[in-house]
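Structural overview for review
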Amino acid sequence: MRDLASGVIERDATIGEALRRLESNSAQILVVIEDGKVAGTVTDGDIRRSLLRGATLDSHVAQVMKTTPIIASAGTDAKALLALMRKHDIRHIPLIDAKGSLVDLVQLNDLMDEVTPSTAFIMAGGFGKRLR
């Protein structure tokens, strides 16, 4: 399991703070936490769109976050997570426990390594006359 601390933010944090965390976070998404539970998500795209609508760096994350993020239960298998990502055209899914607390943040790249088999075919034969 990855360190989740750099990928979470409180809903009353500023957009400026969210941008700083996104800059240092390879996942490109922050999970918004309220009272220990997942309350939403925010991406750089969410912030960019809000700035274009007039928000400032001092505005609160609560104003720009997605309040109904696509989430899954901890223990959901990789194929189901990948199908969910494809259906909603997303690259990250927060995994939660029965209480709604963040357990992990699954990234598309992680799943591709797990779900996509690596198959190679080597076609060899003949006398090698074409190579001369």
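From a predicted model like this one, the values you see are computed outputs, not experimental measurements.

Here we look at the overall build of the protein chain
Within the protein chain, the secondary structure is distributed over four helices and six strands. Moving toward the C terminus, one meets the helices and strands of the protein chain in the order β-α-β-β-α-β-α-β-β-α. When each of the 132 residues of the protein chain is scored for burial, the buried share is 37%. Considering only intrachain contacts with a sequence separation of at least 6, the fraction spanning at least 24 residues in the protein chain is 49%.

Focus on a nonpolar patch on the surface
Together, Leu 19, Leu 51 and Leu 57 make up an exposed nonpolar region whose accessible area comes to about 220 Å². The topology assignment puts Leu 51 in helix H2 (residues 44-52).

Remarks on unusual backbone geometry
The backbone of Asp 35 sits at a positive phi, close to 55°, despite the residue not being glycine. Note on placement: Asp 35 falls in the loop between strand E2 (29-34) and strand E3 (37-43). By relative accessible area, which is 75% here, Asp 35 ends up exposed. You will see that Asp 89, though not glycine, has its phi angle at about 55°, which is positive.

What counts and how
Residues numbered from 1 in each chain as written. Predicted model: local features only at pLDDT ≥ 70, side-chain atom pairs only at ≥ 80, totals over all residues. Heavy atoms only, no water. Helix = DSSP H or I, 4+ residues; strand = E, 2+ residues; numbered from the N terminus. Buried < 20%, exposed > 50% of the residue type's maximum accessible area, 1.4 Å probe, protein only. Contact = heavy atoms within 4.5 Å. Patch = residues over 30% accessible without salt bridge, like charges linked within 9 Å, V, L, I, M, F, W, Y side chains within 5 Å. Areas by Shrake-Rupley, 256 points an atom, 1.4 Å probe, with all protein chains shown as cover. Salt bridge = Lys/Arg side-chain N within 4 Å of Asp/Glu carboxyl O.

The values are spatial; any link to function lies outside them.
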